[in-house]
Amino acid sequence: LEFYGPQGAQERLLPHLLTFLNDSDWELRKAVCVAMVPIGLFLGSNLASECIFPCLENSLFDVEDRVVIASLGCCETLTRAGILQPWLLPELASRGAVVSLMLHPCHSLRAAAISLICGIATVLGPVGSSALLLPVLKPVLKPPVPLLLAARVDTVVDIVNIDGQANEIKEPRS
């Protein structure tokens, strides 16, 4: 990556990776999603948000679960590293894919989606989580949703707990 520099990586490397994301081989698509983490870290916040984020967003709709899990993991890593622009995070969470994956029957997919939501909640902080994340999560939370549920970041993280004890999340779809 350093050989190309940020501009060269954007002009030369990313177009090839985008082509690989459309390949029929799921292992190649998964590898590209995994490779997006160091590329995003190298390119920085602006280029990653403009170039990598749309690719990862499209990968959330892949037919292969392992590609979707890799895409969710990449999104989480880039979110927690502060690479994805904060204004993108509520948009990412509000997409039907991430929230609906919290109810997916596949435990690994569900855990990856929940982990991404926890990362977004941590980055947004208490106020951002209450205002932007909680309304998005309401459809997947068991009623009644407490009014002050997201008063603290760790409360939001607690309700979408990965340990399989996500008592506040509805049962997975079958």
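Bear in mind that the values here come from a model prediction, so they are computed numbers and not experimental data. (Residues numbered from 1 in each chain as written. Predicted model: local features only at pLDDT ≥ 70, side-chain atom pairs only at ≥ 80, totals over all residues. Heavy atoms only, no water.)

Enquirer: So what exactly am I meant to see when it comes to the pattern of salt bridges here?
Expert: Here the idea is simple: oppositely charged side chains can pair when their charged atoms come close. Counted under the stated rule, the structure contains 3 salt bridges. Of the charged contacts in the structure, one is a salt bridge between Asp62 and Arg29, with a shortest N-O distance of 2.7 Å. Of the two residues, Asp62 sits in the loop between α3 (45–59) and α4 (65–80) while Arg29 sits in helix α2 (residues 26–43), which places them 33 residues apart along the sequence. The same class applies to Asp62 and to Arg29, which are both buried. Two residues, Arg66 and Glu64, come together in a salt bridge whose shortest N-O distance is 2.9 Å. For Glu64, a relative accessible area of 18% corresponds to the buried category. (Salt bridge = Lys/Arg side-chain N within 4 Å of Asp/Glu carboxyl O. Helix = DSSP H or I, 4+ residues; strand = E, 2+ residues; numbered from the N terminus. Buried < 20%, exposed > 50% of the residue type's maximum accessible area, 1.4 Å probe, protein only.)

Enquirer: For this particular structure, what's the right way to read the environment of Ile117?
Expert: Looking at where Ile117 falls in the secondary structure, it is placed in helix α7 (residues 107–137). Each C-alpha atom, one on Ile117 and one on Leu133, is 8.4 Å from the other, the two residues being 16 residues apart in sequence.

Enquirer: Just to check I follow, could you spell out α3 for this structure?
Expert: Structural remark: α-helix, 3.6 residues per turn; residues separated by three or four positions point the same way. With 15 residues, α3 extends 19 Å from end C-alpha to end C-alpha; this agrees with the ideal 21 Å at 1.5 Å per step. Of all the bends in α3, the greatest, near 40°, is centred on Ile52, and the proline Pro54 appears no more than four residues after it. Along α3, the positions that sit buried rather than exposed are Leu47, Ala48, Ser49, Cys51, Ile52, Phe53, Cys55, Leu56, Glu57 and Ser59. (Expected span 1.5 Å × (residues − 1). Bend = angle between axes of the 7 residues up to and from the residue.)

Enquirer: I keep staring at the nonpolar core and nothing clicks. Help me out?
Expert: The nonpolar side chains of a soluble globular protein tend to be buried, and buried together. Ranked by size, the top nonpolar core spans 52 residues in total, and within it Met36, Ile52, Leu56, Leu72, Leu92, Ile120 and Leu133 carry the most contacts. At the level of elements, α1 (5–21), α2, α3, α4, α5 (88–94), α6 (96–101) and α7 are the ones that each hand at least two residues to this core. Residue contributions to this core peak at 14 residues, all from α7. Discounting residues that sit within four places of it in the chain, Met36 has contacts with Leu17, Leu21, Ile52, Cys55, Leu56, Cys74 and Leu78. (Core = buried A, V, L, I, M, F, W, Y, C linked by side-chain atoms within 4.5 Å. Contact = heavy atoms within 4.5 Å.)

Enquirer: Can you help me understand α4 in this one?
Expert: An ideal rise of 1.5 Å per residue puts 22 Å on 16 residues; α4 measures up with 22 Å between its terminal C-alpha atoms. The set of residues buried in α4 consists of Val67, Val68, Ala70, Ser71, Leu72, Cys74, Cys75, Glu76, Leu78 and Thr79. Downstream of α4 by a residue or two, Gly82 has a phi angle that is positive, lying close to 80°.

Enquirer: Got a minute to help me understand the state of the cysteines in this structure?
Expert: A full pass over the atoms with the stated rule returns 0 disulfides. Here Cys51 is not disulfide-linked; the sulfur of Cys55 is the nearest cysteine sulfur, at 7.7 Å. For Cys51, a relative accessible area of 18% puts it in the buried group. (Disulfide = S-S within 2.5 Å.)

Enquirer: Please explain the side chain of Gln85 as it appears in this structure.
Expert: You can see Gln85 is positioned in the loop between α4 and α5. Since its relative accessible area comes to 16%, Gln85 is described here as buried. Once residues lying within four places of it in the same chain are set aside, the contact partners of Gln85 are Ser45, Asn46 and Ser49.

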